[in-house]
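Here is how the chains run, residue by residue.
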Amino acid sequence: MLNRLADHGIDRSRVSKNAVAVIDKLRSGGFDAYLVGGCVRDLLLGVVPKDFDVATDATPEDVRRVFPRVRLVGRRFRIVHVRMGREVIEVSTFRRTLDDEEDAQPQHLSEEGIILRDNVYGSIDEDAFRRDFTVNALYYDPVDDVVLDYCNGMADIAKRTLRLIGDPQQRFREDPVRILRAIRFAAKLDLEIHPATHDAIAPMCEMLNAIPPARLFDEFTKMFMTGHGEQTFELLCRYELVDILFPLPPDGDVVPRLALASTDRRIKEDKPVTPGFLLAAFLWPEYVERADIALAEANGSRQRVAAAEEELSRSVLAAQQSTIAIPRRHSWFARDVWRLQPMLDRRTQRNVNKLLAHPRFRAAYDFLLLRIEAGDAPEDLGQWWTEVQTREGHDPDARPARDQPRRRRRRRRRSSPAVNNPEFANGGATPR
Ligand code: ATP
Ligand code: MG
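Residues numbered from 1 in each chain as written. Chains lettered and ligands numbered in written order. Predicted model: local features only at pLDDT ≥ 70, side-chain atom pairs only at ≥ 80, totals over all residues. Heavy atoms only, no water.

Here the focus is the overall build of the protein chain. Scanning the protein chain from N- to C-terminus turns up 18 helices and 10 strands. Residues counted as buried form 52% of the 432 residues belonging to the protein chain. Long-range contacts, defined here as pairs at least 24 residues apart, represent 70% of the contacts in the protein chain between residues at least 6 apart. Counting only carbon and sulfur atoms, one obtains 47% of the accessible surface of the protein chain, whose full area is about 21,700 Å². (Helix = DSSP H or I, 4+ residues; strand = E, 2+ residues; numbered from the N terminus. Buried < 20%, exposed > 50% of the residue type's maximum accessible area, 1.4 Å probe, protein only. Contact = heavy atoms within 4.5 Å. Areas by Shrake-Rupley, 256 points an atom, 1.4 Å probe, with all protein chains shown as cover.)

Now the structure itself:
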């Protein structure tokens, strides 16, 4: 049932002028258009939205007629990006779920029952019900200043509750990534997961194994690199979901937690962060555990130990790829950070010069500080390196632990998707 609410508490001045301009223009073209999803939810909760999405009854082709210079993204699931100055407004056409007998064709569902494509256009109320959580299914009309609520999202906003629309087990089965989204929104927005949604997580969580690794990498960056990584990790632990994402030995959570706390801090301070550093921290406990065996076999010779370390890091990172597709430059970053750890133990002048010149020195030093905080390396070693940098004219606080700038390369469009799920042909983007 539709509720039209004029008394909603959205502060209109916080709505992007560009998004309103896009809506105005679509309406002048005879179409219906609203703000939708995360931005409406965030405005209602008093959080600054990170971007503004528009839902409309105009098809992508219609949108292109209204805004001639737009970008159509996604192949099966097409969205239009309208650029307004430096802001990109994402415009998507109302869609519906393929849920009745006739729609559930094999090409729409995987063997596990996961939705592979959902680009069938629909009406606004159908569009509301195919969304994940009630608080994500609210539409805001900035012209009349009203909220349209089809799924009782406003009541859940008021109670700060995160509730799946429809039958929770079925909605998680259709798209198990919604489990991670539930954790992420609960952590970021401090929402309580509704009991029925909560109860469906444990029985459905194994299904996350069927998600293409490229999509999990996308979700990984959203969970851990948007400023609420520590709380997200905490909730993942509480729901016993960490093991599905990473191999974490018992009591192996200390370094990952410290790395997330430092990443969250850096994001608040507007400093750059990189997935490679977090990856190094998440997989460090596994690396250390396996190193005991691998290095004992190497028999002490420095060359053989180095070769064994190299082989071990390759193997730990390769195993991770089967769950989360980590772009190679990030795995290389993690491998370098690990490789430099034993070198930080050698306090000779020759070694100091070599390390200070290494492009990953700063990240390796930051990583050493984490290990010290975790009680995994001697405290005086950190102080020693801090002093060395000051003495050598390197400011230990100045250079950020960042990824090397990416070389711009012209890439040919891929002719076939990297993963077997057609929905993710555009590089593992989240279906919406
Ligand atoms: P944020 O961008 O702040 O992380 P968001 O809610 O905007 O949060 P997006 O991933 O940008 O999240 O998705 C936009 C909207 O699309 C969501 O609010 C939701 O309505 C819908 N949506 C996204 N992913 C799914 C999904 N897996 N299943 C159902 N609906 C989804
Ligand atoms: Mg969004």
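Moving on, we get to the site of ligand 1. In the vicinity of ligand 1 there are 20 residues, among which R41, K50, D175, R178 and R184 approach most closely. A distance of 2.7 Å separates a nitrogen atom of ligand 1 from a polar side-chain atom of D175. Residue R184 places a side-chain N or O atom 2.8 Å away from an oxygen atom belonging to ligand 1. Alone, ligand 1 offers 580 Å² of accessible surface; in the complex the protein occludes 96% of this. Tallied by class, residues from the shell around ligand 1 come to 2 nonpolar, 4 polar and 14 charged. (Near = heavy atom within 4 Å. Polar contact = N/O pair within 3.5 Å; in protein donor to acceptor, adjacent residues only side chain to side chain. Nonpolar A, V, L, I, M, F, W, Y, C, P; charged D, E, K, R; others polar.)

A word on the confidence of the model for the protein chain. This prediction gives the protein chain a mean pLDDT of 88; 87% of its residues lie at or above 70. Under a pLDDT of 50 for its full length, residues 399–405 has, in the predicted model, 24 contacts with residues more than four places off or in other chains. Per-residue pLDDT stays below 50 along residues 412–432; that stretch engages in 38 contacts with residues further than four places along the chain or on separate chains. (pLDDT = per-residue confidence, 0-100.)

Extensive coverage of helix α2 (residues 38–45) is indicated by the burial of 7 of its 8 residues. Along α2, the residues that are buried comprise C39, V40, R41, D42, L43, L44 and L45. Where α2 is buried, its residues contact β2 (33–36), β3 (53–56), β7 (138–141), α5 (153–159) and α7 (177–189).

Here we come to the packing of aromatic side chains. Applying the stated rule across the entire model yields 18 aromatic pairs. A ring pair is formed by F217 and F220, whose centres lie 6.0 Å apart and whose planes are at 15°; its orientation type is stacked. Here F220 and F217 lie together in helix α9 (residues 213–224), a separation of 3 residues that amounts to about one turn. Here the two residues F217 and F220 agree in accessibility, since each one is buried. For the ring pair F224 and F282, a centre distance of 5.0 Å and an interplane angle of 50° mean the geometry is tilted. A residue pair is termed long-range when its members are at least 10 positions apart, and F224 in helix α9 and F282 in helix α13 (residues 275–297) qualify at 58 residues. On the accessibility criterion, F224 (0% relative accessible area) is buried. Since its relative accessible area comes to 0%, F282 is described here as buried. These aromatic residues form a ring-pair network of at least three members: F217, F220, F224, F233, F246 and F282. Sitting over the face of the ring of Y34, R27 holds its NZ or CZ atom 5.3 Å from the ring centroid. (Phe/Tyr/Trp six-rings, centres within 6.5 Å; stacked < 30°, edge-to-face > 60°. Lys NZ or Arg CZ within 6 Å of the ring centre and 35° of its normal.)

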